[in-house]
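# Close look at the chain arrangement
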Amino acid sequence: MDLSPGISYLFDRLGKALLAPGSQVSLASLFTALLIAFLVLAKRRYRKGRRIRARSLLRALFPRRIVLSRSSFADLSYFYFNVFVFGIVLGWAVLSYDMVSGAAFDLLVAAFGPVKPTPLPLFVARSIITVMLFLAYELGYWLNHYLSHRIPLLWEFHKVHHTATVLTPLTNFRVHPVYMFIFSNILAIFIGVANGVGDYLLGQSAPQYALSETNIILVIFVYFVVHLQHSQVWISFTGWLGHLFMSPAHHQIHHSRNPTHFDKNLGSCLALWDWMFGTLYVPARQSEKLEFGVEPDREHAHTIRGELFAPFGRAAALLKKCFVRRAAPAELAADRNRAY
Ligand SMILES: [Zn+2]
Ligand SMILES: [Zn+2]
């Protein structure tokens, strides 16, 4: 088929996003998440003694108010934007992961002498580095998310994700390019340093276990948990499990409009860092009544104008307030819902 380079590029990007098994939005992972949601709802109906019918389950999973909402259409636009314009792969960071990794390794050699080979079998070394890089990813994710919530200027760009009034797996892509730019660079530092330290300590350059170049542990979470975090299906990890892993309910709490839930559960797959740094909110077993979004809803929320361009204007206004009027820092840290 003779397709123009532009169209070929679009199909290539979309094909990789949907078909690569390690992609964050692979059809296989979306189907797995749907199956889990289906089974969970069927089990709940069975326990209540209600009839289990595929039609009513599908209606419960895809209610019209969510499928046809403006928020869902905005999510879809952001999905296309991120797939086609910037790519799902975080490949546009200023800092390269390889560069940071090499620098960390060289620094350790300069400080502690040449690398000492270890007798570890390759599969053990690869398993260790896989866990190390996953933990580093999660820590980098947590820090970037924490800064995005606590620094008013960065919150203006992250708020785009929180203006979603309904949650679907595509809400994951509702992120501003500025947020992604900072995230990519923080990740390059955390994963790069972890890889350099790992190579030095393990005495060998052991590649992580990966699927489509994505850390295999992260891929497992994408299949079984991450998509459901942006859904209305309440699945909660409680007790010790809720202190270690971020269940779908953990992240739904993160999107809640209830002020007691603000700035909680900032991790991606792990609750561990939230637990350690005091930002964890373990959800209850029974679902909490939640409303999503930020208040008040902006006039142009769910539009490219409102979500892509407006954050620059609001960020500039904040900077102006800071430098021109010399506002006190406390003034800038005002309630996030008033920062429109
Ligand atoms: Zn957030
Ligand atoms: Zn989210």
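So, here's what we can say about the structure.

## Observations concerning the overall build of the protein chain
What the protein chain contains, in helices and strands, is 15 helices and two strands. For the protein chain, with 340 residues in total, the buried portion stands at 45%. Pairs at least 24 residues apart make up 75% of the contacts formed inside the protein chain by residues separated by at least 6 positions. When the accessible surface of the protein chain is totalled, it reaches about 17,900 Å², and 67% of it is carbon and sulfur.

## Regarding the coordination of the zinc ion (ligand 1)
Ligation of the zinc ion (ligand 1) by protein atoms is provided by His 145 (NE2), His 149 (NE2), His 158 (NE2), His 162 (NE2) and His 254 (NE2), these donors lying 2.1 to 2.2 Å from the ion. Read in sequence order, the donor residues for the zinc ion (ligand 1) give the motif H-x3-H-x8-H-x3-H-x91-H. Taken together, the residues span a long stretch of sequence, with His 158 in helix α8 (residues 152-162) and His 254 in helix α12 (residues 248-254) at a distance of 96 residues. Across the pair, exposure class does not vary: His 158 and His 254 are buried alike.

## With respect to empty space enclosed by the protein
Using the criterion set out here, one finds one cavity of 30 Å³ or more in the structure. Here the largest cavity is characterised by a volume of approximately 40 Å³. Around the largest cavity, the lining residues are Asn 144, Ser 148, Leu 154, Phe 157, Val 178, Tyr 179 and Ile 182. Elements represented by at least two residues in the lining of the largest cavity include exactly α7 (122-150), α8 and α9 (177-202). Per-element tally for the lining of the largest cavity: the top contributor is α9, with three residues. Here the lining of the largest cavity is built from residues that sort into five nonpolar, two polar and no charged.

## Here we look at the coordination of the zinc ion (ligand 2)
Within the protein, the zinc ion (ligand 2) binds to His 161 (NE2), His 230 (NE2), His 251 (NE2) and His 255 (NE2); these donor distances fall in the range 2.0 to 2.1 Å. Considered as a linear motif, the donors of the zinc ion (ligand 2) on their single chain read H-x68-H-x20-H-x3-H.

## Details of a nonpolar patch on the surface
Taken together, the side chains of Phe 31, Leu 34, Leu 35, Leu 39, Leu 58, Phe 62, Val 67, Leu 68, Phe 73, Leu 76 and Tyr 80 make up a nonpolar region of the molecular surface, amounting to roughly 1,000 Å² of accessible area. When contributions to the nonpolar patch are tallied by element, the ones reaching two or more residues are α2 (27-47) and α5 (70-86). Of note, Phe 62 is situated in the loop between α3 (54-61) and α4 (64-67).

## A word on the pattern of salt bridges
This model, assessed by the stated rule, comprises five salt bridges. Residue Arg 174 pairs with Asp 75 through a salt bridge whose shortest N-O separation is 2.7 Å. Residue Arg 174 is found in the loop between α8 and α9, and its partner Asp 75 is found in helix α5; the two are separated by 99 residues along the sequence. Accessibility classification places Arg 174 together with Asp 75 in one group, the buried group. With a shortest N-O distance of 2.6 Å, Glu 156 and Arg 314 are connected by a salt bridge. Taken together, the positions of Glu 156 in helix α8 and Arg 314 in helix α14 (residues 304-323) put the pair 158 residues apart, joining distant regions of the chain. One exposure class covers both Glu 156 and Arg 314, and it is buried. Members of the salt-bridge network, linked through shared partners, are Glu 156, Lys 159 and Arg 314.

## Considering the layout of surface pockets
The computed volume of the second largest pocket comes to approximately 1,200 Å³. Secondary structure elements with two or more residues in the lining of the second largest pocket: α2 and α4. At six residues, the largest contribution of residues to the lining of the second largest pocket is made by α2. Class assignment of the residues belonging to the lining of the second largest pocket gives a composition of 12 nonpolar, seven polar and 12 charged.

## Some thoughts on the side chain of Thr 279
If you trace the backbone, Thr 279 turns up in the loop between α13 (272-277) and α14. Judged by relative accessible area, Thr 279 falls into the buried class, the value being 6%. Here Asp 274 takes part through its side chain, which lies 2.5 Å from a polar atom of the side chain of Thr 279. Residues within four places of Thr 279 in sequence aside, it is in contact with Trp 142, Tyr 146, Asp 263, Lys 264, Asn 265, Leu 266 and Asp 274.

## Observations regarding the packing of α8 against α14
Close contact between α8 and α14 brings their axes to 9 Å; oriented N to C, the two are set at 165 degrees. With respect to α14, the axis of α8 lies roughly antiparallel. For the pair α8 and α14, the sense of crossing is right-handed. Contacts from Pro 152, Leu 153, Glu 156, Phe 157, Lys 159 and Val 160 of α8 reach α14 at Glu 307, Pro 311, Phe 312, Arg 314, Ala 315, Leu 318 and Leu 319. Considered class by class, the residues forming the contact of α8 with α14 number nine nonpolar, no polar and four charged.

Criteria and cut-off values
Residues numbered from 1 in each chain as written. Chains lettered and ligands numbered in written order. Predicted model: local features only at pLDDT ≥ 70, side-chain atom pairs only at ≥ 80, totals over all residues. Heavy atoms only, no water. Helix = DSSP H or I, 4+ residues; strand = E, 2+ residues; numbered from the N terminus. Buried < 20%, exposed > 50% of the residue type's maximum accessible area, 1.4 Å probe, protein only. Contact = heavy atoms within 4.5 Å. Areas by Shrake-Rupley, 256 points an atom, 1.4 Å probe, with all protein chains shown as cover. Donors = N, O, S within 2.8 Å, 3.2 Å for Na, K, Ca; no water. 1 Å grid on protein atoms, 1.4 Å probe; cavity = no way out; pocket = protein on both sides within 12 Å on 5 of 7 lines; lining within 4 Å. Points joined across faces, edges and corners; volume = space filled by probe spheres on them. Nonpolar A, V, L, I, M, F, W, Y, C, P; charged D, E, K, R; others polar. Patch = residues over 30% accessible without salt bridge, like charges linked within 9 Å, V, L, I, M, F, W, Y side chains within 5 Å. Salt bridge = Lys/Arg side-chain N within 4 Å of Asp/Glu carboxyl O. Polar contact = N/O pair within 3.5 Å; in protein donor to acceptor, adjacent residues only side chain to side chain. Axes fitted to C-alpha atoms, helices over the stretch in contact; angles between N-to-C directions. Parallel < 35°, antiparallel > 145°, perpendicular 65-115°, else oblique. Left-handed = near helix turned anticlockwise from the far one by under 90°.

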